[in-house]
Amino acid sequence: MNVVIHKNGVKISELAEKLIERKVKKLDQMLEHFNPDLVSLRLELNDIPRKGLFSARTVLALPGTTLRAEKEGKDLITVLGETFDSLLREVKKYKEFLRREPEYRRKRPDFKEKMMQVSLPEEIEEAYLEMVDRNMGRLYNFA
């Protein structure tokens, strides 16, 4: 992963450097399945002296998308931690999207209630519900 840090007038303490290094390592572990040549992280740190704030923006370029996170605050360490945590949540959400997990989280309709509305003779109804119950998972996935 290519990492570029723009400090823009901000003096970074040793603690902040260790935090950045630790968060980048964690991000790198989450993105180990991506080609490292195609992944790049840009961190921009800004000082807003008239407000007494620090601003941190991270832009992560992945194959197929670009993820961003930006935070402002009075303490640089807190701002960096919140920014990277936000970016990690975005990466987690993107990886879930790639694995198509939101599709599996959908609730399946309760087919038994709908099947009970169908009026069939009693001797056929039990066999019918058993057959539907046995095949409904495959039919739902197919549809």
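Per-chain numbering applies: the sequence of each chain, read as written, is numbered from 1 onward. In keeping with the predicted nature of the model, local features appear solely for residues at pLDDT of at least 70, side-chain atom pairs appear and are counted solely at 80 or more, and the whole-chain, interface and lining totals rest on all residues. Calculation of side-chain values draws on the structure's entire complement of heavy atoms; hydrogens and water are dropped beforehand.

Caption draft 1: Fine view of the nonpolar core. With 26 residues, the main nonpolar core has Leu27, Leu31, Leu45, Leu60 and Leu80 as its most contacted residues. By definition, any uninterrupted DSSP run of H or I lasting at least four residues is a helix, any uninterrupted run of E lasting at least two residues is a strand, and each is numbered from the N terminus. Taken together, the elements giving at least two residues each to this core come down to helix 1 (14–30), strand 2 (40–48), strand 3 (53–62), strand 4 (65–73) and helix 2 (76–98). Residue contributions to this core peak at eight residues, all from helix 2. A contact between two residues is defined here by any heavy atoms of the two lying within 4.5 Å. If near-sequence neighbours (up to four positions away) are discounted, Leu31 is found in contact with Met1, Val39, Leu60, Leu62 and Val91. Residues belong to a common nonpolar core when they are buried Ala, Val, Leu, Ile, Met, Phe, Trp, Tyr or Cys residues joined through side-chain atoms within 4.5 Å. Any residue under 20% of the maximum accessible area for its type is buried, any over 50% is exposed, and the rest in between are partly exposed; the area is computed with a 1.4 Å probe on protein chains only.

Caption draft 2: View of the pattern of salt bridges. Any carboxyl oxygen of Asp or Glu that lies within 4 Å of a side-chain nitrogen of Lys or Arg is treated as forming a salt bridge with it. Counted by the stated rule, this structure contains five salt bridges. Here Glu44 and Arg42 are joined by a salt bridge, their closest N and O atoms 3.0 Å apart. For Glu44, a relative accessible area of 16% translates into the label buried. With relative accessibility at 35%, the residue Arg42 sits in the partly exposed group. Glu70 is the partner of Arg57 in a salt bridge, and the nearest nitrogen-oxygen pair spans 3.4 Å. Pair noted here: Arg57 is in strand 3 and Glu70 is in strand 4, with a separation of 13 residues, a long-range link. Look at Arg57 and you get partly exposed, because its relative accessible area is 32%.

Caption draft 3: Up close: helix 1. In a regular helix each residue adds 1.5 Å, so 17 residues correspond to 24 Å; helix 1 covers 25 Å between its end C-alpha atoms and thus fits that length. Buried within helix 1 are the following residues: Ala16, Leu19, Ile20, Lys23, Val24 and Leu27. Along the axis of helix 1, the buried positions cluster into a sector of 130°, meaning they face one direction only. Helix 1 presents Glu14, Leu15, Lys18, Glu21, Arg22, Lys25 and Gln29 as exposed residues on the side facing more than 90 degrees away from its buried surface. Buried residues in helix 1 make contact with strand 1 (2–6), strand 2, strand 3 and helix 2. Expected helix span is computed as 1.5 Å times (number of residues minus one). The directions from the helix axis to the C-beta atoms are what the arc is built from.

Caption draft 4: Spotlight on the sheet that holds strand 1. Here a strand pair is declared whenever DSSP counts at least two bridges between the two strands. On the basis of which strands lie adjacent, the open sheet formed by four strands has the order 1-2-3-4 and mixed pairing. Edge positions in the sheet fall to strand 1 and strand 4, since each of these pairs with one other strand and no more. Within this sheet the neighbouring strands show an average axis-to-axis angle of 10°, counted without direction. Where strand 1 lies against strand 2, five bridges are found, and the strand directions are parallel. Convention adopted: a line fitted to C-alpha atoms gives each axis, helices being fitted over their contacting stretch, and angles between N-to-C directions are expressed from 0 to 180 degrees.

Caption draft 5: Molecular detail of the pairing of strand 3. Of all the 10 residues making up strand 3, seven are buried; the element is thus mostly covered by neighbouring parts of the structure. Where strand 2 lies against strand 3, nine bridges are found, and the strand directions are antiparallel. Paired with Asn46 across the bridge in strand 3 is Ser55. In textbook terms, the turn of a hairpin is the stretch between consecutive antiparallel strands, and for strand 2 and strand 3 this stretch comprises four residues, one of which, Gly52, has a positive phi near 70°.

Take it as geometry only, folks, not as evidence of what the structure does.
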